[in-house]
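Below are the chains, spelled out letter by letter.
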Amino acid sequence: MSAFKSITFLDLSLNLISFIPAIFLRHNSRLLHLNLSHNNISAVEAIAFAYLIRLVSIDLSHNRLEYLNQSAFGQNILLPDLRHLLLNDNRLVSLDPLYLPGSLDSLLLHRNLLSDGLPRCVANNVQSAGVLTLSGNRMETLRPIDFQFTNQVIELQLSDMALDEIEEGTLDALKPLLVLDLSQNRLRSTHLPESTFWGLARLETLNLSHNLLGFVAGGLLRQARFLRILDLRNNS
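Definitions and cut-offs
Sequence positions are assigned chain by chain, starting from 1 and proceeding in written order. Given that this is a predicted model, residues contribute local features only at a pLDDT of at least 70 and side-chain atom pairs are listed and counted only at 80 or more, while totals for whole chains, interfaces and linings are drawn from all residues. In computing side-chain values, all of the structure's heavy atoms are included and hydrogens and water are not. Under the DSSP-based scheme used, a helix requires at least four consecutive residues in state H or I and a strand at least two consecutive residues in state E, with every element numbered from the N terminus. Computation of the radius of gyration draws on C-alpha atoms, with the globule rule given as 2.2 Å multiplied by the number of residues to the power 0.38. Each residue's exposure class comes from its accessible area (1.4 Å probe, protein chains only) as a fraction of the maximum for that residue type: buried when under 20%, exposed when over 50%, partly exposed otherwise. The contact definition used throughout considers only heavy atoms, calling two residues in contact when any of these lie within 4.5 Å. In this description, accessible areas are obtained by the Shrake-Rupley approach with a 1.4 Å probe, and a residue is regarded as covered only by the protein chains that are shown. The charged-residue count follows a simple rule in which Lys and Arg add positive charge and Asp and Glu add negative charge, with His and chain termini not counted at all. We put the charge of a Lys on NZ, of an Arg on CZ, of an Asp on CG and of a Glu on CD. For two strands to pair, DSSP has to find at least two bridges joining them. The axes used here are C-alpha line fits, helices contributing only the stretch in contact, and every angle between their N-to-C directions lies in the interval 0 to 180 degrees.

What follows covers the overall build of the chain. Secondary structure assignment for the chain yields 1 helix and 14 strands. Against the compact-globule benchmark of 18 Å for 236 residues, the chain has a radius of gyration of 19 Å, which places it among compact chains. By principal-axis analysis of the C-alpha atoms, the chain measures approximately 65 × 30 × 30 Å. In the chain, which comprises 236 residues, the proportion classed as buried is 47%. Nonlocal contacts in the chain, meaning residues at least 24 apart in sequence, comprise 59% of its contacts between residues at least 6 apart. Surface exposure of the chain reaches about 11000 Å², of which carbon and sulfur atoms provide 50%. Of the side chains in the chain, 19 bear a positive and 22 a negative charge, and the two mean positions are spaced by 6 Å.

Printed below as a string of structure tokens:
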């Protein structure tokens, strides 16, 4: 689209695009917002977005992506201003070893096929993200390594994942967290250590509805002094 070098917002959603080549939009370096949602995209070539150095948001949601080329957003120099990346409602099994910009404020990954914990590229690189959505994936266990470096998250969506275990210390690094949604999982009281939420002193909203909790341990929420909303509906 070399004839439109000055555009800053480009909406290509609801088309039949299936492939993003490396030369895609290479002349549109002024672009700030790119919407590619609701297409049939199944492949993105290396450095396809690397030329869009001013880009603030990319919406790739509701496509057919099973993987992303590791250099789709660049390699040595990543998109320095990218704040919002929407990858929800695809078929992603893994993101590794994708190079992700560390500037992200929000990363939406819900309703994919991720199963083996938080992808390392997210855990290691997306350290400034405030919103992280993983709902509707296939993670059954969360481990301390999953959120070790994502310590700026204030909203974490983990609902509807068949999650049945949160290992002790998993959430300890998420000290700024305000909203945590663990609803519609398979959490049992016996697999929820009493110290699970102890590091979340700022937590305001906790959704544990639609799980298998037979009881709530007495000390489970003793550190959540600012908790305002607690949802325990439909447990057993």
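Once that is clear, we can look at the environment of Leu78. With respect to the helices, strands and loops of the structure, Leu78 is situated in the loop between strand E5 (57–59) and strand E6 (84–86). By relative accessible area, which is 23% here, Leu78 ends up partly exposed. Separated by 29 residues in sequence, Leu78 and Phe49 have C-alpha atoms that sit 9.4 Å apart. Those residues within four positions of Leu78 in sequence are excluded, and the remaining contacts are Phe73, Tyr99, Leu100 and Pro101.

With that out of the way, let us pick up unusual backbone geometry. Although it is not a glycine, Ile47 sits at a positive phi angle of roughly 55 degrees. Assignment of secondary structure puts Ile47 in the loop between strand E4 (43–44) and E5. By relative accessible area, which is 33% here, Ile47 ends up partly exposed. A positive phi is found at His210, a non-glycine position, where the angle reads about 60 degrees. Structurally, the position occupied by His210 is in the loop between strand E13 (205–207) and strand E14 (229–231).

Further remarks concern the sheet that holds strand E7 (residues 106–108). With parallel pairing, the 10 strands of this open sheet are ordered in space as E1-E3-E5-E6-E7-E8-E10-E12-E13-E14. Two strands in the sheet have a free side with no partner beyond their single neighbour: strand E1 (9–11) and E14. Within the sheet, the average angular offset between the axes of one strand and its neighbour, ignoring direction, is 5 degrees. Two strands pair when backbone bridges link them, and E7 and strand E8 (residues 131–133) are joined in this way by 3 bridges, in the parallel orientation. In the strand pairing of E8, Leu108 is matched with Thr133.

Everything listed here is a matter of coordinates, which is why it stays silent on function.
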